[in-house]
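Residues per chain are reported as follows:
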Amino acid sequence: MAAITFVAAIILLPYIITMIINGQHGDIGTGIGNLDSGKDVLIQIDGDNRLLDVEQYIAGVLPGLVEPEANVQIMEAQAVAVRTKIYFAMGESTVIDASNLDFKFYTKEDFIHEWGKSVYANSSVKYEKAVINTLNQIIE
């Protein structure tokens, strides 16, 4: 019995260490939440002012610009275009107020209300992947 417990512990140890270091990934959006571009968007969500990293903000803007059924390459192109517009509007600043941008930001709740839970579950990962795949890319 002790040998089985030892083997199980050896097998599970890398998983446990990974979970401790990276945290649990139970909610969609965790991966993008760890990004830090050094540039933030000040946005009002549910009456509270919050600073979101530009990359998180882009992932929340994409649903209003690209249909959830679109392929990732279309989402990637739009992510680069949105990032370019935001960086241009920011200039040398590291923070911009979302009210100075022409984008609608979709929270998880907004997305689910607009398209439903199943579409959210399938599409939000694609939007985030598009942002991650184009990280820091802008049109010059």
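The structure we're discussing is the one just above.
Residues numbered from 1 in each chain as written. Predicted model: local features only at pLDDT ≥ 70, side-chain atom pairs only at ≥ 80, totals over all residues. Heavy atoms only, no water.

Another point: the pattern of salt bridges. Applying the stated criterion across every chain yields a total of two salt bridges. The partner of Arg 83 in a salt bridge is Glu 55, and the shortest N-O contact between them spans 2.7 Å. Taken together, the positions of Arg 83 in helix H4 (residues 72–90) and Glu 55 in helix H3 (residues 54–65) put the pair 28 residues apart, joining distant regions of the chain. For Arg 83, a relative accessible area of 0% puts it in the buried group. Note on Glu 55: relative accessible area 0%, which makes it buried. Here Asp 102 makes a salt bridge to Lys 85, at a shortest N to O gap of 3.4 Å. Of this pair, Asp 102 sits in the loop between strand E3 (95–97) and helix H5 (108–115) while Lys 85 sits in helix H4, and the two are 17 residues apart along the sequence. Taking the relative accessible area as the measure of exposure, Lys 85 reaches 39% and is therefore partly exposed. (Salt bridge = Lys/Arg side-chain N within 4 Å of Asp/Glu carboxyl O. Helix = DSSP H or I, 4+ residues; strand = E, 2+ residues; numbered from the N terminus. Buried < 20%, exposed > 50% of the residue type's maximum accessible area, 1.4 Å probe, protein only.)

Evaluated as defined, the whole model comprises five aromatic pairs. Each ring, one from Tyr 57 and one from Phe 105, has its centre 5.6 Å from the other, and the planes form 10°; the classification is stacked. Residue Tyr 57 is found in helix H3, and its partner Phe 105 is found in the loop between E3 and H5; the two are separated by 48 residues along the sequence. Judged by centre distance (5.4 Å) and plane angle (45°), the rings of Tyr 106 and Trp 115 are tilted. Using a relative accessible area of 23% as the deciding quantity, one classes Trp 115 as partly exposed. Members of the aromatic cluster, connected to one another through ring pairs, are Tyr 106, Phe 111, Trp 115, Tyr 120 and Tyr 127. Note that Lys 39 overlies the ring of Tyr 87, its terminal NZ or CZ placed 5.0 Å from the centroid. (Phe/Tyr/Trp six-rings, centres within 6.5 Å; stacked < 30°, edge-to-face > 60°. Lys NZ or Arg CZ within 6 Å of the ring centre and 35° of its normal.)

Compared with an ideal rise of 1.5 Å per residue, which puts 17 residues at 24 Å, helix H6 (residues 117–133) spans 24 Å between its outermost C-alpha atoms and is within 8% of the ideal. At Ser 123, H6 is bent by approximately 30°, the largest bend along its length. Restricting attention to buried positions, one finds in H6 the residues Tyr 120, Ser 123, Ser 124, Tyr 127, Glu 128, Ala 130 and Val 131. (Expected span 1.5 Å × (residues − 1). Bend = angle between axes of the 7 residues up to and from the residue.)

This brings us to the nonpolar core. Nonpolar side chains tend toward joint burial in soluble globular proteins. With 30 residues, the main nonpolar core has Tyr 57, Ile 58 and Ile 86 as its most contacted residues. A total of seven residues in this core trace back to one element, the largest contributor, which is H4. Among residues more than four places away in sequence, those in contact with Ile 86 are Val 54, Tyr 57, Ile 58, Ile 96, Leu 101 and Phe 103. (Core = buried A, V, L, I, M, F, W, Y, C linked by side-chain atoms within 4.5 Å. Contact = heavy atoms within 4.5 Å.)

At 3.6 residues per turn, the α-helix brings residues three or four places apart onto the same side. In this model H3 runs 16 Å from its N-terminal to its C-terminal C-alpha over 12 residues, within 8% of the 16 Å that 1.5 Å per residue would give. Most of H3 sits out of view: nine of its 12 residues are buried. Of the positions making up H3, those classed as buried are Val 54, Glu 55, Tyr 57, Ile 58, Ala 59, Gly 60, Val 61, Leu 62 and Pro 63. Between the side-chain oxygen at the start of H3 and the backbone nitrogen of Glu 55 there is a gap of 2.9 Å, and the oxygen is on Asp 53. (Polar contact = N/O pair within 3.5 Å; in protein donor to acceptor, adjacent residues only side chain to side chain.)

Looking now at the packing of H3 against H4. H4 packs onto H3 with a crossing angle of 125° between their chain directions and a minimal axis gap of 10 Å. The pairing of H3 with H4 is recorded here as oblique in orientation. Taken as a pair, H3 and H4 cross one another with a handedness that is right-handed. In contact with Val 54, Glu 55, Tyr 57, Ile 58, Val 61, Leu 62 and Leu 65 of H3, H4 contributes Met 75, Gln 78, Ala 79, Val 82, Arg 83, Ile 86, Tyr 87 and Met 90. For the contact of H3 with H4, a count of residues per class yields 12 nonpolar, one polar and two charged. (Axes fitted to C-alpha atoms, helices over the stretch in contact; angles between N-to-C directions. Parallel < 35°, antiparallel > 145°, perpendicular 65-115°, else oblique. Left-handed = near helix turned anticlockwise from the far one by under 90°. Nonpolar A, V, L, I, M, F, W, Y, C, P; charged D, E, K, R; others polar.)

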